[in-house]
Amino acid sequence: MDRRLTALIGIAALVALAGCSGLAGTATPAGGDEAQLERSIEVTATGEATSAPDRATLRVAVTATGPDAEAVRDELDAGDEELRAALTEWGLDDDAIRTAQYDVRESYETREDPNRTRYEGVHQYAIDLADVDAVGEVIDVAVNAGADRVQRIQFGLSEETEREVREEAIAKAMANADADAAALANASGLEVSGVYEVSTAQSGGGVYVERATAAAGGGDAGASTAIEAGDVTVSVSVKVVYEAVPA
């Protein structure tokens, strides 16, 4: 099995979560710092909103082996030139291709054997894409240019999209909190008269790859690597303290 096919087969098991986080916050009525509620209802609720991902980060790597560290370094340098040239020719900007890891060390297999010496090296790249539909094609470009590991595919949201989705999740969380508070008040002979304090916890989100398939080939036929990502789900938890009065 050639290096290209070996690298591609590993894609199906390489799924990452793309985190979406927002700032936690608290709001209280003006002038109410010292006020003490005679009756209150406290509710914690969660809201979720989803969106298709609009950004992706691929992590691919070029590996090398040799009799000494210098030989491995030279091979990695040659691989770096070839990979970057192929990706920029495809259309990526230089700043979209970043080094995520660079490591050259003696192999564990030969470290205890004075009669054998082998060095191994890896140069891992993080490749940022604004076009999530191009993930499979970029994987093919990278593998054809010498990358022999596809280590992670991470989908997520741009800042603008994440902000919009998070606001939707907050609105749903507050609606859930209002409904819970009304039910609790009704069961307790109370009536909700207003919101005294509200806060949010850190929001979280994730994306997963529903299916990832790969096959050797490609060329003029187009991308041979097919990646399908699910929606990103952003969840927000709110804690609300309501003022309550007798019904």
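Residues numbered from 1 in each chain as written. Predicted model: local features only at pLDDT ≥ 70, side-chain atom pairs only at ≥ 80, totals over all residues. Heavy atoms only, no water.

In this structure, Leu-58, Val-60, Leu-83, Leu-87, Ile-127, Val-135 and Ile-139 are the most contacted members of the largest nonpolar core, which totals 30 residues. Taken together, the elements giving at least two residues each to this core come down to strand 3 (55-66), helix 2 (69-90), strand 5 (119-129), helix 4 (135-144) and strand 6 (149-156). Broken down by element, the residue count for this core peaks at six residues, all from helix 4. What Leu-58 contacts, discounting residues up to four positions off in sequence, is Tyr-125, Ala-126, Ile-127, Leu-129, Val-135, Val-138, Ile-139, Arg-152 and Ile-153. Membership of the second largest hydrophobic core comes to 20 residues, among which are Val-43, Ala-49, Val-232 and Val-234. (Core = buried A, V, L, I, M, F, W, Y, C linked by side-chain atoms within 4.5 Å. Buried < 20%, exposed > 50% of the residue type's maximum accessible area, 1.4 Å probe, protein only. Helix = DSSP H or I, 4+ residues; strand = E, 2+ residues; numbered from the N terminus. Contact = heavy atoms within 4.5 Å.)

Once that is clear, we can look at the environment of Asp-128. On the secondary structure map, Asp-128 appears in strand 5. Considered as a pair, Asp-128 and Asp-93 are 35 residues apart in the sequence and their alpha carbons are 9.5 Å apart. Every residue in contact with Asp-128, bar those within four places of it in the chain, is listed here: Ala-56, Thr-57, Leu-92, Ala-96 and Arg-98. Within the local environment of Asp-128, its side chain forms a polar contact with the side chain of Arg-98, the two groups lying 3.1 Å apart. (Polar contact = N/O pair within 3.5 Å; in protein donor to acceptor, adjacent residues only side chain to side chain.)

Of all ten residues in helix 4, eight are buried, a share of seventy percent or more. All of the buried residues in helix 4 are Val-135, Gly-136, Val-138, Ile-139, Asp-140, Val-141, Ala-142 and Val-143. Taken from the residues just after helix 4, Gly-146 is the one with a positive phi, measuring 120°.

Here we have four strands laid out as an open sheet, ordered 4-5-3-6, and antiparallel in their pairing. Edge positions in the open sheet fall to strand 4 (97-106) and strand 6, since each of these has one partner strand only. Across the sheet, the axes of successive neighbouring strands diverge by a mean angle of 15°, strand direction being ignored. Sheet topology places strand 4 next to strand 5; nine bridges connect them, and they run antiparallel. Of the residues in strand 5, the one forming a bridge with Tyr-102 is His-123. (Pairing = 2+ DSSP bridges. Axes fitted to C-alpha atoms, helices over the stretch in contact; angles between N-to-C directions.)

Inspection of the secondary structure puts Thr-161 in helix 5 (residues 159-187). Thr-161 sits in the buried class, given a relative accessible area of 16%. The contact partners of Thr-161, leaving out residues within four places of it in the chain, are Ser-51 and Asp-54.

We now examine the pairing of strand 3. Buried residues dominate strand 3, accounting for nine of its twelve residues. Taken together, the seven bridges between strand 3 and strand 6 define a ladder with antiparallel strand orientation. Within the sheet, the bridge partner assigned to Ala-56 lies in strand 6 and is Phe-155.

Turning our eyes to something else, we now look at the pattern of salt bridges. Any two side chains of opposite charge can pair, given that their charged atoms come close. Taken as a whole and judged by the stated rule, the model has nine salt bridges. The partner of Asp-80 in a salt bridge is Arg-84, and the shortest N-O contact between them spans 2.9 Å. On the criterion of helical spacing, the pair formed by Asp-80 and Arg-84 is a turn pair, its members being four residues apart in helix 2. Its relative accessible area of 25% is what places Arg-84 among the partly exposed residues. For Asp-103, the salt bridge goes to Arg-105, with nearest N and O atoms at 2.7 Å. Each of the salt bridges in this network shares a partner with another, and the network as a whole consists of Glu-70, Arg-73 and Asp-74. (Salt bridge = Lys/Arg side-chain N within 4 Å of Asp/Glu carboxyl O.)

Turning our eyes to something else, we now look at the packing of helix 2 against helix 4. Look at helix 2 against helix 4: their axes get within 8 Å of each other, and the N-to-C directions meet at 145°. Between helix 2 and helix 4 lies a crossing of right-handed hand. When helix 2 is examined against helix 4, the residues Glu-82, Leu-83, Ala-86, Leu-87 and Trp-90 are found in contact with a partner set consisting of Glu-137, Val-138, Val-141, Ala-142 and Asn-144. Its residues assigned to classes, the contact of helix 2 with helix 4 shows seven nonpolar, one polar and two charged. (Left-handed = near helix turned anticlockwise from the far one by under 90°. Nonpolar A, V, L, I, M, F, W, Y, C, P; charged D, E, K, R; others polar.)

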